[in-house]
Structures are given as C-alpha cells and as structure tokens.
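Structural features, examined
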Amino acid sequence: MSISPGQSGSPWWHLALKAGAVCGFTGVYIVGVGVFSAFGARSVLAHAVSLGQLLLLAVAFTGGWYAVSNRQLKPFERWLASAGTGLLAGLSYAAVLLVARGANVQGLFVAFNQPTLSAALLGQSGAGAIAALAGLASVTALAGAAIRQCPSAVRRTILAAAVAVLFGALLRDLWVSLFSTLLRGRWWVSTIYVSSGGLTWVGAGIAVLAGVAWQIAHYLIGQRRTPMIDVVILMVAALLVPFLTNAFVAQVMLLVGLYALMGMGLNIELGLAGLLDLGFVAFFAIGAYATALLTSDSPLALAHLSFWEALPVATLCAAAGGFIFGLPVLRVRGDYLALATLGLGEIVRIIVVSDMAAPAIGGAQGIVGIPRPKLIDHPMVSQLSLYYLTFALACLVAFAAWRLQHSPVGRAWTAARDDEDVAATLGLDLVRSKLRAYVLGAAFAGVAGALFATTLGSVFPQSLRLDVSINVLALLVIGGLGSLPGVFVGSFILIGLPEFLREFGEYRYLFYGFVLILVMRVRPQGLWPAPLSARHG
C-alpha cells in the first residue's frame, strides 16, 4: 500500500522495516558485547525473566512504543507498524545469532560463545528459534504500543509498577537491609526474594502494588502537595535510610552528599548565572589539597589544624582560586567560556601531578595521613557519622544557596543568564555578577573537597579527573537546572545507583547512560525542575 507524502508521509511498512532493523541489530549488539551474559546471571523474576532477557525485551517494547507514536499514520497503520517492528526485530535478531552460532565466530567476538548464543536464542535452534523470537518480539512490541495508547494516568501507573518491580529486584541488598531493621525475623526475605536475587511472584506482586499505590497517592495529594512538603520528605528519607541500613549504604550516601555539595556550587554558576564550567573539579581539588596540607601528619603539612579550623581556610582558598581564575575567563561567553574553564581545570590537574609541584603537594604520590574530624574530642570514624556530617554541611550550603537564589543577587544572575545584552542595558555589571557567582560556586566546591579529603584520609591526583566535572554537570541536568532539590535527586540517581549496581562491573554505566537519554526524552526540564520563576527569572 502506497501513501502519498501529502497525506501521511512514508507507508507503515517503511517505518516497521527501519525500526525493526534497528531494534534487531541493537539486540545483536547487546549479546555481542557481553552485556546479555553479564546481566543474564541476575534474575528479575524468579525462574522466568533475567535482567539480560528483560533488556532484550525492552528493545522490542521501545520499538513498538516508537512506531505507534507516529501521528502521520492512520490509527490501524500504527498498530501494523508496531507489530511489523516487533516481527522484523525478532527475525533479524534470530537470523544473525543463528548464523553466528553456525559459523562459530567466537574467535572474532568472544561473547558469541555457544552457551551465550543458546541462552540468547531461548534454547531453540533453526526455524523454532526464528518463530519463537519473532512471536515474542511482536507481542512485546504490541504491548509497548498498547501502553503508549493508554490514557496518561493509566500509562503512568503501569510504568510506575514496572519501575517498582525493576528497582525491587536490582536493589535487593538495600531493601533487605532496610526492612530487616523494621521487621523482626528474616522469614519475609525468602517470601519476597530467591537466592539469585530476583523477586518471587509474591515479591513481584508486592512491588506492583507499591508502584500502583505510589502513583495513586501522587494523584490524590498531588494538587495539595507543596514543594516544602516534598523537601521535608526528601530530608527525612536522607536522614533515616542510612541509619536503618548498613555501613555500605552510608558510604554510598556519603558520596552522594559530596557530589550534591559540588552540584549546588555548579548550580549557582550554571543553573542561575548560566556559566558552563567544565573545569569545576579544579576548585574541588583546591579545597581537598588545602585541607590535606593543613591537617595531615605528612611531612608536607604546613600546619596541624583540626578539620573545623581547616574547613574555612580551604573554602577561602577555593573561593580565591575562583576569583583568580574567573578574572581572565569571564569576559567571554557561551562555548568559549566552556573551553576556557576546561583549560583551567586541566592546568590545575597537570600542576598537581607535575614534578615541579611534587615537593609541595606530593605529586603523583598524593598526601596521606589526613585525620578524621572530631566532635567533642571524639573522632568521627564510622561511615554513618561522616555521612551525617556531610548531610549537615549540605543542608547549610543548600540554605545559603536558597537565600542567594531569592535575593537581588540571584535575580541579577538569572537576568544575565536569560539575556546578557538586556541585562547590560539595564545597568547590570555582567563581569562582576558572573565573578560573584563563580567565586561562590568555587567556595561550595571547596567545602566538598575538604570533606572528601578528611573522609578518605588521603588525596591523590587520580581522584581529580575531568569526569568529576562531567558527573556534576550531568546530575544537574538530570535533577533540573536551577533546582536545589533536583541537585540531591540527580546526585542519587547518577552517583548512588551505579554504586548499588557494582556487581555488574563497568556495564552498570549502561544504566547511567540510559537514564540520561530517558530523562532528556521524557523530562527535559529534569526530574525535579525548578519553579518557572527560577527558570525564567
């Protein structure tokens, strides 16, 4: 059937052909690079679906969702396109893997070994594998199309239930640790989970009910809920979860808090003042090294101060670094500013590892022997106590950032961010306003660096790479530019979740990339966006 471009554009089968080929070869790629075998050992639903299988099903599901969303096609053509997408995805996937198994290409692609290929083909061979995979992919694609066509409330409820099941399976250790403190005995663990970590059918049902209940509560109290209530809930969860779990969770949340501190600094620069700083890790490094030189037992130490005495000095050093670095670079804007700050960050990194600076700051050997903070003459040695120290400082910094955001200074920043030419015409000194934001952001990064040094007990150049700046930027985008609660949410999603998924090795960063893409497509303003007044001045 041919459809003229003036009516509906390309015919439905053209869309199905393209989308099916992309989905099919995406599935082949997932198997070929070893992701399927790495995730296949982790069960999501006991004796039914592994995480590797779920990942392949998600590809077909996305293809059906995409195909039915094409508004240029007639309603029945969208369903044909979705079914065709699943069918062609399954056919192409099965055909390539069958050829790979028959040709024995393991010498070229290590992941294409016989056990992996057999599992990826559902234990089938020949025509049986093709029929089974084509049928399964078609049904999955139609399921994606059906959910996409549901009313918004129903669709969100279904997706919330699915996310609850996924999180229930992936974060098993977190939930077991949390509820073991609240519930007596461990009989419920074997009721909800199997030994491989996946959910039992009872556990899956509980997770579904939890996701549905969450969505229903969101609809019931959504109109009466205020941002302050959300912030209080977030703070209570941050206070109680590490206390009710274990040292590992406290350690992960400590890392989340450190990145949140840096995120609040970059949020002032980028979220409020519109300054894209790719060298933000430089100020983190200044705070860390200043604390190390002032508190450590190393021969390089300049003094032997306590953490509380060194913290304001390190903060001032980072702020001074922001002032010195900001003067030459803040007269440029846009991409040029990003490149200039990237260069400054690299300058600091190279100086830190250079032989010239080694006699003063240790070079590649770093500085060790940094003592832990003391509270009333008692060292804070446990991860939980260090987390609460980080949480307290993060709350103080968040309060200061909130006050700045709603002050005349904050309004000047948002005015310059939205339109520099208009702001300059109204009499705003752009360089001074930008420099103020740059210095304050650097000071907040210095606080995070000081905490990092004292919690780790050492400082090494390897901890001060460019990807630290990239991670801070990414968590702002995920949480919502200009949103203080969004900083904490983005930090937990991008920094905390990969730590909970360490069993998957480097493949856990697939979740990182997937979340970035998903948020950019579904919630481009962030998971916890700033109010319109903050986003638009």
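Scroll up to find the structure.
What you see is a predicted model, and the numbers here were worked out from it, not measured in a lab. (Residues numbered from 1 in each chain as written. Predicted model: local features only at pLDDT ≥ 70, side-chain atom pairs only at ≥ 80, totals over all residues. Heavy atoms only, no water.)

On to the nonpolar core. Within the largest apolar cluster, 127 residues are counted, with the highest numbers of intra-cluster contacts made by Y93, L97, L261, M262 and M264. Leave out the neighbours within four places in its chain, and L261 touches T390, L393, A394, V397, F444, V447, A448 and L451. (Core = buried A, V, L, I, M, F, W, Y, C linked by side-chain atoms within 4.5 Å. Buried < 20%, exposed > 50% of the residue type's maximum accessible area, 1.4 Å probe, protein only. Contact = heavy atoms within 4.5 Å.)

So, on to the pattern of salt bridges. Tallying each qualifying case throughout the model produces six salt bridges. As a salt-bridge pair, D418 and R417 come within 3.2 Å of each other at their nearest N and O atoms. For R417, a relative accessible area of 21% translates into the label partly exposed. Across the pair D467 and R465 runs a salt bridge whose closest N-O atoms are separated by 3.1 Å. By relative accessible area, R465 is classed as partly exposed at 45%. (Salt bridge = Lys/Arg side-chain N within 4 Å of Asp/Glu carboxyl O.)

Right, let's get into the packing of aromatic side chains. One pass over the structure, following the stated rule, counts 12 aromatic pairs. Here F248 and F500 contribute two aromatic rings whose centre-to-centre distance is 6.0 Å and whose plane-to-plane angle is 80°, an arrangement assigned as edge-to-face. Of the two residues, F248 sits in helix 12 (residues 247-272) while F500 sits in helix 22 (residues 484-500), which places them 252 residues apart along the sequence. For F500, a relative accessible area of 13% corresponds to the buried category. Note that R172 overlies the ring of Y193, its terminal NZ or CZ placed 5.3 Å from the centroid. (Phe/Tyr/Trp six-rings, centres within 6.5 Å; stacked < 30°, edge-to-face > 60°. Helix = DSSP H or I, 4+ residues; strand = E, 2+ residues; numbered from the N terminus. Lys NZ or Arg CZ within 6 Å of the ring centre and 35° of its normal.)

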